[in-house]
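What follows is the residue order along each chain.
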Amino acid sequence: MVDCMTDEKLGALLECFAHYYWSAPLVFVVNKIAEWHPDVDAKQMGRVISKCNESLFWHHCCVVDDVVDEPELVTEHLVAFGGDDYDHFIAARIDGPFYECSENELLMVDSGRLDIPEGRAVFEFGKAELNLDDEWAQQLVDDCVLTQPYSLCNGTSWVMEVLRQEKFGKIQFRTIEQVERFRDLGNRFYQVLPNPVFRGWKPEDIENAPVLLDDIPEKDEDIPNARPMMDEFFAKIGGREKALQLLMERVGATPTKKRKIGRNELCPCGSGKKYKKCCGR
């Protein structure tokens, strides 16, 4: 029994094309789908395109220099984004033929990254070095995939982009050595990933392919997302009492003379607990 191509499946396939190439001629896309699924006719294709999310088909027309924001009017390209990002991408994209991937390759564009040894290495680094769970280790892999082509388009460091965007997340780098290992793993991953800047080709298949900008912090304290645990901070400066003294000196106050607190007295921190059950432990 032949699996029928429903509108839902066709829409998902179109999204995969957009994610794989970022911008691809609709003629190219339609021809590939017709090759894989002869049962899809022009009527169904037009119906699905007209119902897809607008942002998937947002396009700056090169001929009339205007913005087409209605999916049913798009006749040239399938585009995953719009605005300045699109302009930067088009300016940076390498000329040449589109890589004609298989349908399986296309469908695995988001889910198959851990099947690539270099992607798995980034995943395992996240778990072993950064103590991430599976979800956040996968996020680290996704950051590599999404940030690298974006940085190629904008002339920025993909490593610094990752560090900055994870400033408030669970992906926390603490040392330059960790950042350097991540950079090296990510650069190897970059070489074997289909890249939209190269029309779906892998950098290792492109002669004189641009290399990623090598720019990382010089000191541990300059890592954008480094947030040392408070206990580590207190340990470095000699404990909580020393931290309070330094804080008081910084704001121009004089620390009060220390009074011995009885173990059964209420803790001065205001917790409502006895001192021996709170800060006096």
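Up top you'll find the structure we're talking about.
My aim in this report is to walk through the structure given alongside it, one point at a time. Fair warning: this is a prediction, and the values are worked out from it, not measured in the lab.

Notes on the packing of aromatic side chains
- The full count for this structure, using the stated rule, is 12 aromatic pairs.
- The interplanar angle of 20 degrees and the centroid separation of 5.8 Å between the aromatic rings of Phe17 and Trp36 together place this pair among those described as stacked. Of this pair, Phe17 sits in helix α1 (residues 7-21) while Trp36 sits in helix α2 (residues 26-36); the two residues are 19 residues apart in sequence, bridging distant segments of the chain.
- A residue is classified by how much of its surface remains accessible, and Phe17, at 1% relative accessible area, is buried.

Quick word on the packing of α1 against α2
- As a packed pair, α1 and α2 sit with axes 11 Å apart at the nearest point and diverge in direction by 130 degrees. Accordingly, the angle class assigned to the pair α1 and α2 is oblique. Pair α1 / α2 crosses with right-handed handedness. Across the interface between the two elements, Leu10, Leu13, Leu14, Phe17 and Tyr21 from α1 touch Phe28, Val29, Lys32, Ile33 and Trp36 from α2.
- For the contact of α1 with α2, a count of residues per class yields 9 nonpolar, no polar and 1 charged.

What about the layout of surface pockets?
- In this structure, the second largest pocket occupies an estimated 570 Å³ of space.
- Along the wall of the second largest pocket there are 23 residues; nearest its centre are Tyr20, Val109, Arg113, Leu193 and Pro194.
- Of all the secondary structure elements, the ones that give two or more residues to the lining of the second largest pocket are α1 and α7 (134-154).
- At 4 residues, α7 tops the list of elements feeding residues into the lining of the second largest pocket.
- Each residue belonging to the lining of the second largest pocket can be placed in one class, and the counts come to 14 nonpolar, 4 polar and 5 charged.

Here is what the cut-offs are and how they apply
- Residues numbered from 1 in each chain as written.
- Predicted model: local features only at pLDDT ≥ 70, side-chain atom pairs only at ≥ 80, totals over all residues.
- Heavy atoms only, no water.
- Phe/Tyr/Trp six-rings, centres within 6.5 Å; stacked < 30°, edge-to-face > 60°.
- Helix = DSSP H or I, 4+ residues; strand = E, 2+ residues; numbered from the N terminus.
- Buried < 20%, exposed > 50% of the residue type's maximum accessible area, 1.4 Å probe, protein only.
- Axes fitted to C-alpha atoms, helices over the stretch in contact; angles between N-to-C directions.
- Parallel < 35°, antiparallel > 145°, perpendicular 65-115°, else oblique.
- Left-handed = near helix turned anticlockwise from the far one by under 90°.
- Contact = heavy atoms within 4.5 Å.
- Nonpolar A, V, L, I, M, F, W, Y, C, P; charged D, E, K, R; others polar.
- 1 Å grid on protein atoms, 1.4 Å probe; cavity = no way out; pocket = protein on both sides within 12 Å on 5 of 7 lines; lining within 4 Å.
- Points joined across faces, edges and corners; volume = space filled by probe spheres on them.

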